Amino acid sequence: MSKTDIFGTAKRRDKREGSRTYSVSSSVSSSTSDPDHPDLEKKKQDLMAEVAALEKKKEDLKRKQKKLDREIKKRAGEIHALEGDSAGSQISFLKKNPTCRVDLDNIEISKKLPVGASGTIVYTCTVDGWNCAVKELSREKVDEGTEMAFESEISLLEHLPTHPNICKYLFHIRDEKTVRLFMTRYDANMDMFVSFKTQHDPSFFFEKQILARCSLDIVKGLEFLHSKKIMHRDLKPGNIFVQLGQRDEILKCVIGDFDTAKKVSVKNKAVTIIGTPAFMAPEVLTAGEHGSYDFSADVYSFGMILYVMITLRQPFQGDRPYLIPDQILKGKIPEISAQQLAVDPSYEGFGAMYKQCCARIAPDRPSLVQLKAVLAQLLA
Ligand SMILES: Nc1ncnc2c1ncn2[C@@H]1O[C@H](COP(=O)(O)OP(=O)(O)O)[C@@H](O)[C@H]1O
Ligand SMILES: [Mg+2]
């Protein structure tokens, strides 16, 4: 992606502004070029000098604005270091300082991140110096369905109030060829985190506190989505984004990737078979033909994420992919071995939670409120 693509819209705007400025001086020029009216000629000179002075002032103000923005950023960093809570302190600082502006003309795209399955590409980028991520869709390269899914993701995120456990939407840009969604940048997704850790440290496991905190983050994000009548429908470790600390430990989890998410009402039930097989609830696999599914389908998927965090393995790992749906429909879920549960006494509790969440019958699954209460106990 070239930078000119991104800057295209802004540059055209600048040109328009330029021509507006020019038309002021040209209209002055045409109305005062009469040599029979020297007073008008003088007025013209004065006005032109005034325009030039104003232009200079504008440039000075722009410079000052940039300097102030740099200062604000620096201070935000200092406050962040003092409070030790990155997202929270920055957000509260920005709330109290509405003069802090971001120059959207100053966007730099850098690294391409591992691709998902949606036909979009995600890059790391900076927006006026702030670390962000951009999810990009090339209209020419994808079908209409993919484009609609991405547009629906943008619209959903754009209208969703911010929540600490939901990937933060910043803004989007659209032109004839591409659609770009800018978000806060996270350090990795949960799949990447687990494979990185297990590759580098064979004795790695999620400590009780971290496991409970990650689970609580996901449950809280899910509770928020469901309160807005939104089903995620593709919850899996690849769609849980994590923020890491100095020692690569997880500080926070957020739910991301909303191109399969759906806003549902009582009349408008979910009947589409959508998701990633190993993380899909049985009723989702048979949706349409045998009825609909509801929010508890996301609880099932959360259960499978818990399985990954407990065992550090993918559910049904090693099984032939086409046999997985059959197992799920029979209510068979992967076992967690006694050895895997022996890692910490609290793992018994997490293991039980996994089984409850992945109950074959949807109403048998715990509510998010119940999950929160148990996780709070495990965290204590
Ligand atoms: N805001 C973000 N910060 C960091 N990485 C991200 C961000 N958004 C997406 N990614 C990375 O890009 C991958 C694909 O993005 P995702 O939104 O899941 O798209 P897809 O629908 O293609 O799966 C994610 O698994 C994640 O690793
Ligand atoms: Mg994804």
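Heads up: the structure comes first, above all this text.
Here is what the cut-offs are and how they apply
Residues numbered from 1 in each chain as written. Chains lettered and ligands numbered in written order. Predicted model: local features only at pLDDT ≥ 70, side-chain atom pairs only at ≥ 80, totals over all residues. Near = placed C-beta within 6 Å. Nonpolar A, V, L, I, M, F, W, Y, C, P; charged D, E, K, R; others polar. Domains from an automatic or database assignment. Axes fitted to C-alpha atoms, helices over the stretch in contact; angles between N-to-C directions. Helix = DSSP H or I, 4+ residues; strand = E, 2+ residues; numbered from the N terminus. Parallel < 35°, antiparallel > 145°, perpendicular 65-115°, else oblique. Left-handed = near helix turned anticlockwise from the far one by under 90°. Contact = placed C-beta atoms within 7 Å. Pairing = 2+ DSSP bridges.

Asker: Please clarify how the site of ligand 1 should be interpreted in this entry.
Answerer: Near ligand 1 you find 21 residues, and of these G116, S118, V122, A133 and D257 are the closest. Class assignment of the residues belonging to the shell around ligand 1 gives a composition of nine nonpolar, eight polar and four charged. When we break the shell around ligand 1 down by domain, the ones giving at least three residues each are domain 2 (82-184) and domain 3 (188-379).

Asker: What exactly am I supposed to notice about the packing of helix α6 (residues 208-227) against helix α8 (residues 296-311) here?
Answerer: Two quantities define a packed helix pair, namely the angle between the axes and the distance from one axis to the other. Closest axis-to-axis distance for the α6/α8 pair is 11 Å, and the angle between their directions is 160°. Overall, the two elements α6 and α8 adopt an arrangement that is roughly antiparallel. Viewed along their axes, α6 and α8 form a crossing whose handedness is right-handed. For the pair α6 and α8, contact is made by L211, C214, S215, I218, V219 and L222 and by D298, F302, I305, L306 and M309, respectively. Looking at the contact of α6 with α8 residue by residue, the class counts come to nine nonpolar, one polar and one charged.

Asker: I tried to follow the pairing of strand β3 (residues 130-138) on my own but got confused; where do I start?
Answerer: A regular strand places its side chains on the two faces of the sheet in alternate fashion. Where strand β2 (residues 121-127) meets β3, seven bridges bridge the pair, whose relative direction is antiparallel. Its bridge partner being in β3, I121 is matched across the sheet by E136. Hairpin connection, β2 to β3: the antiparallel pair is bridged by two residues, and D128 has positive phi, about 50°. Inspection of the sheet shows β3 paired to strand β5 (residues 178-184) by seven bridges, in the antiparallel sense. Paired with V134 across the two strands is F182, which belongs to β5.

Asker: Please clarify how the sheet that holds β5 should be interpreted in this entry.
Answerer: Pairing between sheet strands relies on hydrogen bonds along the backbone, with the strands arranged either parallel or antiparallel. Read across the open sheet, the five strands follow the order β1-β2-β3-β5-β4; overall the sheet is antiparallel. Two strands lie at the open edges of the sheet, namely β1 (107-112) and β4 (169-174), each paired on one side alone. Ignoring which end each strand starts from, the neighbouring axes of this sheet average 30° apart. Packed onto the sheet, helix α4 (residues 144-159) meets β3, β4 and β5 and runs at close to 140° relative to β4.

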